[in-house]
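# Structure at a glance
If you want the building blocks of each chain, they are given just below.
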Amino acid sequence: MLLSLGQSAIWSLVRLTATLTDGKPLASHTATLNAPLSPRPYLDLTYQLLNIFFDLVPVALAWYLLRRDDMNPGRDLGIDLRRPGFDAGWGAALAAGIGIPGLLLVYTALQLGISAQIVPSALQPYWWAVPVLILSAIQNAVLEEVLVVGYLITRLRQLSVSVPAIIACSAVLRGSYHLYQGFGGFIGNVVMGVIFALFYLRTKRVMPLIVAHSLLDITAFVGYELLPDSWLGWLHP
């Protein structure tokens, strides 16, 4: 976890602390999720693709560690294509059930001043921007759901941790690495974490969670990139 999302949680906490102590309102700050990394288009593309690749390396490590312990991650965590209809259907349902209330939470948090202004994408409108945003969304989904749900819950169950504590650990970790967005992002992701942990404990499948998370992030990233600015003014009060 300290190689991946645990590290992100610590940096997010430090970033939030710095924001809260700089004398400016939290709502005056901006949290950019997909930022340009170079003014040179193809160098920027190279950096974006390398970031996506290296962010998935901890997933490969978790996969290896599970196989080392004589487990089959694809089967045991439900990361396979055995039930495509179930995965797609529940993934879409979870995305709709979380995404719509999530928009209301984002708006409310902005109005209350407990969240930074969120910019899902600041990429320049190059031909590769939308494909990279889609890949970034899928990478986020795979990284978070495999580690924070499948791997973490599996390890905690092996340690005989109680179910309520397992759910709390998974949900709070998910919320903590979103603290850079402010308290609204933390609360929303903790709620999402509770729902996803409960779903996994009931179904033993991570794949629907990957589908749901991918749909949520693709909608946010690509929608922000393509929709007219006049439709997005509520994100920047």
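Everything numeric in this text was worked out from a predicted model, so none of it was measured. (Residues numbered from 1 in each chain as written. Predicted model: local features only at pLDDT ≥ 70, side-chain atom pairs only at ≥ 80, totals over all residues. Heavy atoms only, no water.)

## Some thoughts on the overall build of the protein
The condition that has to hold: Helix and strand assignments follow DSSP, with helices taken as H or I runs no shorter than four residues and strands as E runs no shorter than two, numbered in order from the N terminus. Throughout, radius of gyration means the C-alpha value; the globule benchmark is 2.2 Å times the number of residues raised to the power 0.38. Only protein chains enter the accessibility calculation, which uses a 1.4 Å probe; a residue is then buried when its area is under 20% of its type maximum, exposed when over 50%, and partly exposed in between. In what follows, a contact means two residues having at least one pair of non-hydrogen atoms within 4.5 Å. By the counting scheme adopted, Arg and Lys are positive, Glu and Asp are negative, and His together with the chain ends is not counted. Just so you know, the charge point we use is NZ for Lys, CZ for Arg, CG for Asp and CD for Glu.
A count of helices and strands for the protein gives nine helices and two strands. When the elements of the protein are put in sequence order from the N terminus, they spell out α-β-α-α-α-α-β-α-α-α-α. Its C-alpha radius of gyration of 18 Å places the protein within 12% of the 18 Å reference for a compact globule of 237 residues. A principal-axis box enclosing the C-alpha atoms of the protein has dimensions of 50 × 40 × 30 Å. Counting across all 237 residues of the protein, residues that qualify as buried make up 46%. For the protein, long-range pairs separated by at least 24 residues make up 78% of all intrachain contacts whose partners lie at least 6 apart in sequence. The distance from the centre of the 14 positive side-chain charges to the centre of the 13 negative ones in the protein is 9 Å.

## So, the packing of aromatic side chains
The criterion, for reference: For Phe, Tyr and Trp, where Trp contributes only its six-membered ring, two rings pair if their centres lie within 6.5 Å, and the inter-plane angle classes them as stacked under 30 degrees, edge-to-face over 60, or tilted in between.
Counted according to the given criterion, the structure contains five aromatic pairs. Taking the centre distance of 5.1 Å and the plane angle of 70° together, the rings of F53 and F54 count as edge-to-face. Exposure class is identical for F53 and F54. Each is exposed. Grouped by ring-pair contacts, the aromatic residues F86, W90 and F199 constitute a single cluster.

## A few points about the nonpolar core
Note the cut-off: To qualify as a nonpolar core, a set must consist of buried Ala, Val, Leu, Ile, Met, Phe, Trp, Tyr and Cys residues joined through side-chain atoms within 4.5 Å.
Counting residues in hydrophobic clusters, the biggest one holds 38 residues, and the most contacted among them are I79, I153, F196, Y200, L209 and I210. At the level of secondary structure, the elements contributing two or more residues to this core comprise α1 (5–20), α3 (57–68), α5 (84–112), α6 (129–158), α7 (163–176), α8 (183–203) and α9 (207–226). When residues in this core are grouped by element, the largest group, ten residues, is from α6. Ignoring anything within four residues of it in the chain, the contact list for I210 reads I79, A141, V142, E145 and V146. L45, L123, V132 and A137 belong to the second-largest nonpolar core, a separate cluster that totals nine residues.

## A look at the UniProt feature "domain: CAAX prenyl protease 2/Lysostaphin resistance protein A-like" (unreviewed entry) in the protein
For clarity, the threshold we go by: UniProt positions are given in the numbering used here, feature names are shortened, and annotations may be inferred rather than shown by experiment.
Under the UniProt annotation, "domain: CAAX prenyl protease 2/Lysostaphin resistance protein A-like" (unreviewed entry) lies at residues 127–218. Across residues 127–218 one finds 84% helix and 0% strand; the C-alpha atoms that close the span lie 17 Å apart.

## Observations concerning the UniProt feature "transmembrane region" (unreviewed entry) in the protein
As annotated by UniProt and renumbered to match this structure, "transmembrane region" (unreviewed entry) occupies residues 47–66, 87–114, 126–152, 159–177 and 183–201. Strand forms 0% of residues 87–114 and helix 93%; the C-alpha atoms that close the span are 34 Å apart. Secondary structure content for residues 159–177 is 74% helix and 0% strand, while the C-alpha to C-alpha distance between its ends is 24 Å.

## Quick look at helix α2 (residues 41–55)
Defined as follows: Helix span is expected to be 1.5 Å times the residue number reduced by one. This arc corresponds to the set of directions leading from the helix axis out to the C-beta atoms.
Its 15 residues place the ends of α2 21 Å apart at the C-alpha level, agreeing with the 21 Å of an ideal helix rising 1.5 Å per residue. Regarding α2, the residues found buried are D44, L45, Q48 and I52. Buried residues of α2, viewed axially, fall in a sector of 105°; they line one side. In α2, the exposed residues that point more than 90 degrees away from the buried face are Y42, F53 and F54. On its buried face, α2 sits against α6.

## Structural notes on the environment of L112
Along the polypeptide, L112 turns up in helix α5. For L112, a relative accessible area of 61% corresponds to the exposed category. Separated by 26 residues in sequence, L112 and I138 have C-alpha atoms that sit 31 Å apart.

## So, unusual backbone geometry
The backbone of D70 sits at a positive phi, close to 65°, despite the residue not being glycine. Relative to the helices and strands, D70 is located in the loop between α3 and α4 (73–76). Classification of D70 by relative accessible area gives exposed; the value is 73%. Of note in the backbone geometry, K204 takes a positive phi value of approximately 60° without being a glycine. Checked against the element boundaries, K204 lands in the loop between α8 and α9. We classify K204 as partly exposed; its relative accessible area is 36%.

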